[in-house]
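Notes for the structure review
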Amino acid sequence: MELKQTINPENVPQHVAIIMDGNGRWAKQQGEDRLFGHHEGVNSVREIVEACGEIGVKYLTLYAFSTENWNRPKEEVDGLMELLVNTISMETPNLHKKGVKLEVIGDLASLPGTCQQELEESMAVTKDNTRVTLVLALSYSSKWEITESVKQIAAKVVSGAIKINDINPRLIEEHLKTNRYPDPELMIRTSGEHRISNFLLWQLAYAEFYFTDVLWPDFRKEDFYKAILSYQNRERRFGKTSEQITQS
Ligand code: FPP
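The rules we used
Residues numbered from 1 in each chain as written. Predicted model: local features only at pLDDT ≥ 70, side-chain atom pairs only at ≥ 80, totals over all residues. Heavy atoms only, no water. Helix = DSSP H or I, 4+ residues; strand = E, 2+ residues; numbered from the N terminus. Rg over C-alpha atoms; globule rule 2.2 N^0.38 Å. Buried < 20%, exposed > 50% of the residue type's maximum accessible area, 1.4 Å probe, protein only. Contact = heavy atoms within 4.5 Å. Areas by Shrake-Rupley, 256 points an atom, 1.4 Å probe, with all protein chains shown as cover. Polar contact = N/O pair within 3.5 Å; in protein donor to acceptor, adjacent residues only side chain to side chain. Expected span 1.5 Å × (residues − 1). Pairing = 2+ DSSP bridges. Axes fitted to C-alpha atoms, helices over the stretch in contact; angles between N-to-C directions. Near = heavy atom within 4 Å. Nonpolar A, V, L, I, M, F, W, Y, C, P; charged D, E, K, R; others polar. Phe/Tyr/Trp six-rings, centres within 6.5 Å; stacked < 30°, edge-to-face > 60°. Core = buried A, V, L, I, M, F, W, Y, C linked by side-chain atoms within 4.5 Å.

Glancing now at the overall build of the protein. Check the secondary structure of the protein and you find eight helices and six strands. For the protein, the succession of helices and strands along the chain, N to C, is β-α-α-β-α-β-α-β-α-α-β-β-α-α. Relative to the 2.2 N^0.38 estimate, which gives 18 Å for 248 residues, the radius of gyration of the protein is 19 Å and therefore close to what a compact globule would have. Counting across all 248 residues of the protein, residues that qualify as buried make up 46%. By sequence separation, contacts in the protein at least 24 residues apart represent 78% of the contacts at least 6 residues apart. Carbon and sulfur atoms form 50% of the exposed surface of the protein, whose accessible area is close to 12900 Å².

Here we take up the environment of Arg189. By the secondary structure assignment, Arg189 is in strand E5 (residues 186–189). Residues contacting Arg189, with those up to four places away along its chain left out, are Ile19, Asp21, Arg195, Ile196, Ser197, Tyr210, Phe211 and Thr212. A polar contact is formed between the side chain of Arg189 and the side chain of Asp21, at a distance of 3.0 Å.

Over its 22 residues, helix H2 (residues 34–55) runs 32 Å from end to end, which matches the ideal 32 Å to within 8%, given 1.5 Å per residue. All buried positions along H2 are accounted for by Gly37, His38, Gly41, Val42, Ser44, Ile48, Val49, Ala51, Cys52, Gly53 and Ile55. Just past H2, the residue Gly56 takes up positive phi, approximately 95°.

Further remarks concern the sheet that holds E5. What holds strands together in a sheet is hydrogen bonding between their backbones, with the strands either parallel or antiparallel. Spatially, six strands are ordered E3-E4-E2-E1-E5-E6 in an open sheet, and the strand pairing comes out parallel. On the outer flanks of this sheet lie strand E3 (100–105) and strand E6 (208–211), each paired with one strand and no other. Between one strand and the next, the sheet's axes are offset by a mean angle of 20°, whatever the strand orientation. Inspection of the sheet shows strand E2 (residues 59–66) paired to strand E4 (residues 132–140) by seven bridges, in the parallel sense. Bridge assignment links Ser66 to a residue of E4, and that residue is Tyr140. Lying on the sheet, helix H7 (residues 221–232) is in contact with strand E1 (15–19), E5 and E6; it crosses E5 at an angle near 140°.

Before going further, it helps to spend a moment on the site of the ligand. Taken together, 17 residues are adjacent to the ligand, and Asp21, Gly24, Arg25, Arg34 and Arg72 come closest. Within the contact set of the ligand, an oxygen atom lies 3.2 Å away from a backbone nitrogen or oxygen of Asn23. Between an oxygen atom of the ligand and a side-chain N or O atom of Arg34, the distance comes to 2.7 Å. Of the residues belonging to the shell around the ligand, the class tally is seven nonpolar, six polar and four charged.

Before going further, it helps to spend a moment on the packing of aromatic side chains. Here the structure, examined in full by the defined rule, presents ten aromatic pairs. Taken together, the ring pairs connect Tyr63, Tyr140 and Phe199 into an aromatic cluster.

Let's shift gears to the nonpolar core. Core analysis: the largest hydrophobic core is formed by 43 residues, its most contacted members being Val16, Ile18, Leu60, Leu119, Leu134, Ile188 and Phe224. A total of seven residues in this core trace back to one element, the largest contributor, which is helix H3 (residues 74–97). If near-sequence neighbours (up to four positions away) are discounted, Ile188 is found in contact with Val16, Ala17, Ile18, Ile19, Tyr210, Phe219, Phe224 and Ala227. If you look at the next biggest cluster of nonpolar residues, it comprises 15 residues, including Tyr59, Ile105, Trp144 and Leu200.

With that out of the way, let us pick up the environment of Leu200. Along the chain, Leu200 falls in the loop between E5 and E6. Accessibility expressed as a relative area gives 1% for Leu200, which makes it buried. In the structure, Leu200 is positioned 22 residues away from Thr178 in sequence and 8.9 Å away in space, judged by C-alpha atoms. Leaving out residues up to four positions away in the same chain, Leu200 has contacts with Ala17, Thr61, Ile105, Tyr140, Ser142, Thr178 and Pro184.

In this section: the environment of Glu91. Within the element layout of this structure, Glu91 appears in helix H3. For Glu91 and Ser122, which are 31 residues apart along the polypeptide, the C-alpha to C-alpha distance reads 9.1 Å. At 2.8 Å, the side chain of Glu91 and the side chain of Arg46 are in polar contact.

In structure tokens, the structure reads:
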């Protein structure tokens, strides 16, 4: 039986977050430069977005460029930005046809103008789609996001719009860039690294983590289905006991 057929449609995570890692190592194995790995990584992105549509994952957040990635060599950063602009421009008709809505979290103002423009256009074209929401984390880091939210909340306290005692987890969530999405139930990281790397620190509080040695450009639908099946075999307790979960 095909792996996809063994997935329980009743227990598919609503939101999957992925740290797409290993493009550079994959390229090195092929004797190519790092940008070649990023280009190949786009094929994996396409497949995984499709797979989400096929099995009913409603939100997919991809860590495409972190705040820390700005420190990479200039030619890699420029190459990644160019790849992003070209990919968004080429893929938007396909995303739209497949019912995918594109959204972005991160410090968009820090991206090159062409990149911002391409993203704005794609988001406008796909805004009414409902099958899958593809969220690109771009110039994103969780500490940046939380800091921004703290500043906004502090400003509201200072202006008198809210009181200190109004601050609670829900209010904090409302000020995060992800306030339109449910928290991811599953976080996948490729390439054998077991780190969270400043990604969705708040939102992943109760997520299941899935790590695989597969490098991102080799990560395809079958690998994604394996991650979903692993998730379906776990017991999510949210701090309760196993007995409490099975009795309810
Ligand atoms: C990490 O691999 C990957 C990135 C920093 C960039 C990810 C970008 C893409 C997959 C392409 C563009 C994406 C979209 C959504 C259009 P790495 O470079 O850290 O690899 P390494 O750890 O092997 O060096």
